[in-house]
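Coordinates in review
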Amino acid sequence: MNTKEKNFISAVIYLHNDGERAVTFCKAVTAELDAHFAQYELIAVDDACTDDTVKALRAWGREQAAPLTILHMSLYHGLENAMNAGLDAAIGDYVYEFDSTDMPYPASCIFDAYRTALRGNDIVSVCPSVIRSGGSELFYKIFNANSHSPYRLRTDAFRLVTRRAINRVHASSAHLPYRKAAYAASGLKMADLTFEGRLAEKRTGRFNLAMDSLALYTDAGFKASMGITLCMMALALAELLYTVIVFFTGHPVAGWTTTMFVITLGFAGLFAVLTIVVKYLSLLLDLTFKQQKYLVESIEKLQK
């Protein structure tokens, strides 16, 4: 008797110059999915690979039974936009998001995430027990301190999301600058699974992504601008008080150094606030008018 799960499963895998490791990873994912699910699909997002990643994956895809879709991006898009393209192509009731072909976790975590989702969780993150300190952890601390979501973001290896979660976040915004933040802000139930281990080094160059996420999903920008404004106001009041004291005491003060100091700090605060405002306006402009989120060159479907 076939006791495999009947829900259709999609696994979206991000690839950028992963070489043979892409095939090894896909084999491990396929083995786990085949053992537990009656129907599933693999969607590999080729983010402008320039090595033999696609060639090796194509040769493997022709030999295995499960449907493999290779989504070829027209140019390098980066992790978030490329994965958004993969999510749009996925048709599963539950969708695995593999942002990397590193597998520091046991393969059994894949099905464990599904069982956790069946307990009423729309987003399940599989996270390492050892968290490396750095820029990403600083971002999570700022995000969690200023987010309205009751769920805390943390470093994860991969996640499983339901179709309802995908539909919810796309209903709120057609463009998702950062999927994890969008899921946390969706209001749906989230859960974390922890495995013993740590992740490899994260990709660099995600500063703009962090700034966009803080601007969209938290009050960090507003609080920062208010803090700067209050500091400038306090400085102005202190200068006013200083001027009144000098006026009534009659002590001669040259004042050039103090005046220039206050003017310099005042302009610095003004420009800091304007920088935050410009960041918000730029982001709103992109979200409103930039409808073309990504460019797909071709879609290649492989099956034995």
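Residues numbered from 1 in each chain as written. Predicted model: local features only at pLDDT ≥ 70, side-chain atom pairs only at ≥ 80, totals over all residues. Heavy atoms only, no water.

1. Quick word on the nonpolar core
Note the cut-off: In plain words, nonpolar cores are sets of buried Ala, Val, Leu, Ile, Met, Phe, Trp, Tyr and Cys residues tied together by side-chain atoms within 4.5 Å. Categorising residues by exposure relies on relative accessible area from a 1.4 Å probe, with only protein chains included: less than 20% of the type maximum marks a residue as buried, more than 50% marks it as exposed, and the intermediate range marks it as partly exposed. When checking whether two residues touch, look at their non-hydrogen atoms; a contact exists if any pair is within 4.5 Å.
Counting 39 residues, the largest nonpolar core has Leu-33, Leu-57, Tyr-96, Phe-98 and Phe-158 as the members making the most contacts within it. Here Leu-33 is in contact with Ile-9, Ala-11, Tyr-40, Leu-42, Tyr-96 and Ile-110, once residues within four sequence places are set aside. Membership of the second largest hydrophobic core comes to 35 residues, among which are Met-83, Ile-123, Tyr-140 and Met-190.

2. Structural notes on the pattern of salt bridges
Convention followed: Each salt bridge in this description consists of a side-chain nitrogen of Lys or Arg and a carboxyl oxygen of Asp or Glu lying within 4 Å of one another. Helix and strand assignments come from DSSP, with helices taken as H or I runs of at least 4 residues and strands as E runs of at least 2, each series counted from the N terminus.
Applying the stated rule across the entire model yields 11 salt bridges. Its salt-bridge partner being Asp-18, residue Arg-21 comes within 3.0 Å of it at the nearest N-O pair. You can call Asp-18 buried: its relative accessible area is 10%. The residue Asp-122 makes a salt bridge to Arg-164 at a minimum N-O spacing of 2.5 Å. Placement of Asp-122 in the loop between α4 (108-118) and β5 (123-128) and of Arg-164 in helix α6 (residues 163-172) is noted, with a sequence separation of 42 residues between them. What makes Asp-122 buried here is its relative accessible area of 6%. Through salt bridges that share partners, Glu-80, Glu-97, Asp-99, Asp-156, Arg-159, Arg-179 and Lys-180 make up one connected network.

3. Focus: the environment of Gly-61
Mapped onto the fold, Gly-61 is located in helix α2 (residues 53-61). The sequence separation of Gly-61 and Cys-26 amounts to 35 residues, and the corresponding C-alpha distance is 9.4 Å.

4. Some words on unusual backbone geometry
Note: most peptide bonds trans; most residues except glycine with negative phi. In the Ramachandran plot, Asn-17 falls in the positive-phi region, its phi being about 55 degrees despite a non-glycine side chain. In this structure, Asn-17 sits in the loop between β1 (9-15) and α1 (20-36). Its identity as a non-glycine residue notwithstanding, Ala-48 has a phi of 55 degrees, on the positive side. Structurally, the position occupied by Ala-48 is in the loop between β2 (40-46) and α2. Owing to a relative accessible area of 23%, Ala-48 belongs among the partly exposed residues under this scheme.

5. Here we look at the packing of α1 against α4
Angle between the axes and distance between the axes: these two values describe a pair of packed helices. For clarity, the threshold we go by: Working convention: axes come from line fits to C-alpha atoms, limited for helices to the stretch in contact. Angles between N-to-C directions cover 0 to 180 degrees. Angle categories: roughly parallel below 35 degrees, roughly antiparallel above 145, roughly perpendicular from 65 to 115, and oblique for all the rest. Throughout, a crossing is termed right-handed when the near helix is turned clockwise from the far one, and left-handed when it is turned anticlockwise from it by less than a right angle.
Taken N-terminus to C-terminus, the directions of α1 and α4 make an angle of 45 degrees; their axes are 8 Å apart at the nearest point. With respect to each other, α1 and α4 are oriented oblique. Every pair of crossing elements has a handedness; the one defined by α1 and α4 is right-handed. Here Val-29, Glu-32, Leu-33 and His-36 of α1 come into contact with α4, specifically with Ser-108, Ile-110 and Phe-111.

6. Notes on the environment of Tyr-40
Here Tyr-40 is to be found in strand β2. In this structure Tyr-40 comes out as buried when scored by relative accessible area, which is 7%. Filtering out sequence-adjacent residues up to four positions away, Tyr-40 remains in contact with Phe-8, Ile-9, Thr-30, Leu-33, Asp-34, Ala-66 and Pro-67.

7. A word on the packing of aromatic side chains
For clarity, the threshold we go by: Classification of ring pairs rests on two measures: the distance between centres of Phe, Tyr or Trp rings, Trp counted by its six-membered ring, which must be within 6.5 Å, and the angle between planes, read as stacked under 30 degrees, edge-to-face over 60 and tilted in between.
Counted according to the given criterion, the structure contains 13 aromatic pairs. Arranged with centres 5.2 Å apart and planes meeting at 80 degrees, the rings of Phe-25 and Phe-98 form a pair that is edge-to-face. Taken together, the residues span a long stretch of sequence, with Phe-25 in helix α1 and Phe-98 in strand β4 (residues 94-98) at a distance of 73 residues. Taking the centre distance of 5.5 Å and the plane angle of 55 degrees together, the rings of Phe-139 and Tyr-140 count as tilted. What makes Tyr-140 buried here is its relative accessible area of 6%. Grouped by ring-pair contacts, the aromatic residues Phe-25, Tyr-96, Phe-98, Tyr-105, Phe-158 and Phe-195 constitute a single cluster.

8. Concerning α1
The cut-off we apply is this: By definition here, a helix of n residues has an expected span of 1.5 Å times n minus one.
The terminal C-alpha atoms of α1, which comprises 17 residues, lie 25 Å apart, in line with the 24 Å expected from a rise of 1.5 Å per residue. Among the residues making up α1, those that are buried are Ala-22, Val-23, Phe-25, Cys-26, Val-29, Thr-30, Glu-32 and Leu-33. Looking at the buried residues of α1, the elements they touch are β1, β2, α2, β4 and α4.

Remember that the coordinates give geometry; whether it matters functionally is a separate question.
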